[in-house]
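Structural characterization, general
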Amino acid sequence: MTAMLFKNGKIVSGSKTQKGDLRVVGEKIAEVGKELEPRPGEEVYNLEGCYLLPGIIDSHTHFSLEARGAVSDDDPHAGGVSALWGGVTTVIDYADFLPEKPIGEGIEKRKRVFSQCPVDYHFHLVLNKHFTTDRLPELEELVSMGITSLKLFTTYPEVGYMLKENLWPDILKKCKKIGLLVTVHAEDNSIVEDKTESYRKAGLLDFKYHSRHRPAESEVEAVKWLRGMVEKTGCPIYIVHISTSGAWEVLAEARDRGLPMLGETTPHYLLLDENLFNYPRAAKNMMTPPLRRGADQECLWKGLAGGSIDVVATDHCAFTEERKLTAENALEVLPGIPGVETLLPLTYSYGVEGNRFSVQRMVQVLSENPAKIFGLYPHKGSLEIGSDADLVVYDPRPQWVLKDEDLHSEAGYSPFSGLEIKGKVKLTMLRGEVKVRDGVFTGKASGGRLLKGRR
Ligand SMILES: [Zn+2]
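Summarised in this report is the structure supplied together with it. (Residues numbered from 1 in each chain as written. Predicted model: local features only at pLDDT ≥ 70, side-chain atom pairs only at ≥ 80, totals over all residues. Heavy atoms only, no water.)

1. Some details on the packing of aromatic side chains
Applying the stated criterion to the full structure yields 16 aromatic pairs. Measuring from centroid to centroid gives 6.4 Å for W85 and F441, while their planes differ by 45 degrees, and the two rings are tilted. Remark: F441 occurs in strand β19 (residues 440-441) and W85 occurs in helix α1 (residues 76-85); sequence separation between them is 356 residues. A relative accessible area of 19% places W85 in the buried class. Each residue in the set F63, F114, Y121 and F123 is aromatic and connected to the rest through ring pairs, giving one cluster. The ring of Y377 carries the charged tip of K372 above its face, separated from the ring centre by 4.8 Å. Directly above the aromatic system of W400 lies the positively charged group of K424, at a separation of 4.3 Å from the ring centroid. (Phe/Tyr/Trp six-rings, centres within 6.5 Å; stacked < 30°, edge-to-face > 60°. Helix = DSSP H or I, 4+ residues; strand = E, 2+ residues; numbered from the N terminus. Buried < 20%, exposed > 50% of the residue type's maximum accessible area, 1.4 Å probe, protein only. Lys NZ or Arg CZ within 6 Å of the ring centre and 35° of its normal.)

This is the structure:
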């Protein structure tokens, strides 16, 4: 059983920052305070100069995603190992609604896929085009299984995700009633189809047109439409991967009026822009929604700092460069990039060291908020006594330049390579087990658990 005393650190949770010590006994945090005395048999870890943070929660990953006749290259084992290197101890991934089966079977199926995952995990259930309103009562079973959220799409008819417009009000009313959170991929599909079609006719399908095929206004219009749905039904909606200033403005305005709308953005919309699609081998850096303009990035940072965007997650969906580059044009690319391992270092380097927000705010958007929003708090996202001992020791002093070979995803590359990083994960602990320490993977490369949530 783990007995470990972290001493003399800056202990940062979403609610407070204190200098002091933290004791772990078994899988839990046992004590937090000043000048705690070591006990016999206990390992003492000197935190001098480092932050001690709650384990990071990536609330948007796609490990072994099956879509477009392909499976993404990081399975839950590889993705989870990569996560731990980056201080991520919990991921929230996706399960599908299976039309021929009871609703819980979608979760069970993914649980089997995750059996070798080394981080804890939870699932959003995707209600795809097969969902019909006679299945609505079954959503209550999800709640009793500990599932706290759904994922709905306003686009992607080609992969069967897009949900017909007339189903939305009934689903949202039901979710409001039973406390399921609705997360949404927001792009107006008719705008995407019209634009893509006109670019196709003009022969403009090169990678550099990706952001034109799926323009900013498609996201803005979808978020406006969703705002109307929230007004009509009162059901809270969480918009995933917000990429544009326009969508953020709609969200911020809705929140000012007290509407229950939540927002997530990702490191790639904060740090990369559409110019990347002009470079050779652009396909490897493509995801959907596309990268936007530099001006959008500043608005998203502002939203995070000011509180109108709640979460930074990654949308981690890794494919090798080789597989990405087989595409001949923007419409053929397998969309998605790796990200889980770089979530904390990038948010720290450009959020905290970039003077955009405090370390405490970073802990809110990377750990406390996702834990609260998806019903995992205070087991996760907290440094209170009795919380799971999911911990990250982050040393802010090393300065380095990110390189592909530093990372552990099966993708083998990172779109963020070349960026300067401040700080390094020195230790990652999951429920009392040290998984990564000083550049060595020391823990079991399995052992993650399916988490039950309650909202
Ligand atoms: Zn996604």
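Structure shown, so let's carry the discussion forward.
2. Section: empty space enclosed by the protein
Applying the stated criterion to the full structure yields 3 cavities of 30 Å³ or more. By volume, the largest cavity amounts to about 60 Å³. S82, H316, P338, G339, V340, E341, T342, L407, S409, Y413 and S414 together form the lining of the largest cavity. (1 Å grid on protein atoms, 1.4 Å probe; cavity = no way out; pocket = protein on both sides within 12 Å on 5 of 7 lines; lining within 4 Å. Points joined across faces, edges and corners; volume = space filled by probe spheres on them.)

3. A closer look at the coordination of the zinc ion
Taken together, the protein donors to the zinc ion comprise H60 (NE2), H62 (NE2) and D315 (OD), at separations of 2.1 Å. Each donor residue of the zinc ion belongs to the same chain, and together they define the spacing H-x1-H-x252-D. On the criterion of sequence distance, the pair formed by H60 in the loop between β6 (56-58) and β7 (66-67) and D315 in the loop between β15 (311-312) and α11 (321-324) is long-range, its members being 255 residues apart. Residues H60 and D315 agree in their burial class; the two are buried. (Donors = N, O, S within 2.8 Å, 3.2 Å for Na, K, Ca; no water.)

4. Here's the deal with the packing of helix α12 (residues 343-352) against helix α13 (residues 359-373)
The N-to-C vectors of α12 and α13 enclose an angle of 140 degrees; their axes lie 10 Å apart at closest approach. The crossing of α12 and α13 is right-handed. Only V359, M362 and L366 of α13 make contact with α12, whose side of the interface consists of L343, L344, T347, Y348 and V352. In terms of residue class, the contact of α12 with α13 is made up of 7 nonpolar, 1 polar and no charged. (Axes fitted to C-alpha atoms, helices over the stretch in contact; angles between N-to-C directions. Left-handed = near helix turned anticlockwise from the far one by under 90°. Contact = heavy atoms within 4.5 Å. Nonpolar A, V, L, I, M, F, W, Y, C, P; charged D, E, K, R; others polar.)

5. Topic: the layout of surface pockets
Here the largest pocket is characterised by a volume of approximately 530 Å³. Forming the boundary of the largest pocket are 35 residues, of which H62, L65, E66, A67 and Y161 lie nearest the centre. Within the residue set of the lining of the largest pocket, elements represented by two or more residues are β7, β9 (88-96), α2 (104-113) and β11 (149-153). Among the residues forming the lining of the largest pocket, the class breakdown is 18 nonpolar, 9 polar and 8 charged. Taken together, 23 residues make up the lining of the second largest pocket; nearest its centre are R68, E158, T196, R214 and L331. Listing elements by their share of the lining of the second largest pocket, those giving two or more residues are α5 (189-201) and α6 (210-213). Residue composition of the lining of the second largest pocket, by class: 10 nonpolar, 6 polar and 7 charged.

6. What to know about the pairing of β11
Burial runs high along β11: 5 of the 5 residues are buried. Side chains of β11 alternate between two faces, with S149, K151 and F153 and L150 and L152 buried alike. Pairing between strand β10 (residues 120-126) and β11: 2 bridges, direction parallel. Across the sheet, residue L125 finds its bridge partner in β11, namely L150. Taking the sense of rotation as the criterion, the β-α-β connection linking β10, helix α3 (residues 139-144) and β11 turns out right-handed. Bridging between β11 and strand β12 (residues 181-185) involves 5 bridges; their strand directions are parallel. Bridge pairing links F153 to H185 in β12. Taking the sense of rotation as the criterion, the β-α-β connection linking β11, helix α4 (residues 168-178) and β12 turns out right-handed. (Pairing = 2+ DSSP bridges. Right-handed = clockwise from strand over helix to strand, strands pointing away.)

7. A closer look at the pattern of salt bridges
Under the counting rule described, the total for this entry stands at 36 salt bridges. We note a salt bridge from K16 to E384, for which the minimum N-O separation is 3.6 Å. Of the two residues, K16 sits in the loop between β1 (3-12) and β2 (17-25) while E384 sits in the loop between α13 and β16 (391-401), which places them 368 residues apart along the sequence. K16 sits in the partly exposed class, given a relative accessible area of 39%. On the basis of relative accessibility, which here comes to 35%, the residue E384 falls in the partly exposed class. Each of the salt bridges in this network shares a partner with another, and the network as a whole consists of E27, K28, D120, K380, D388, D390, R431 and R449. (Salt bridge = Lys/Arg side-chain N within 4 Å of Asp/Glu carboxyl O.)

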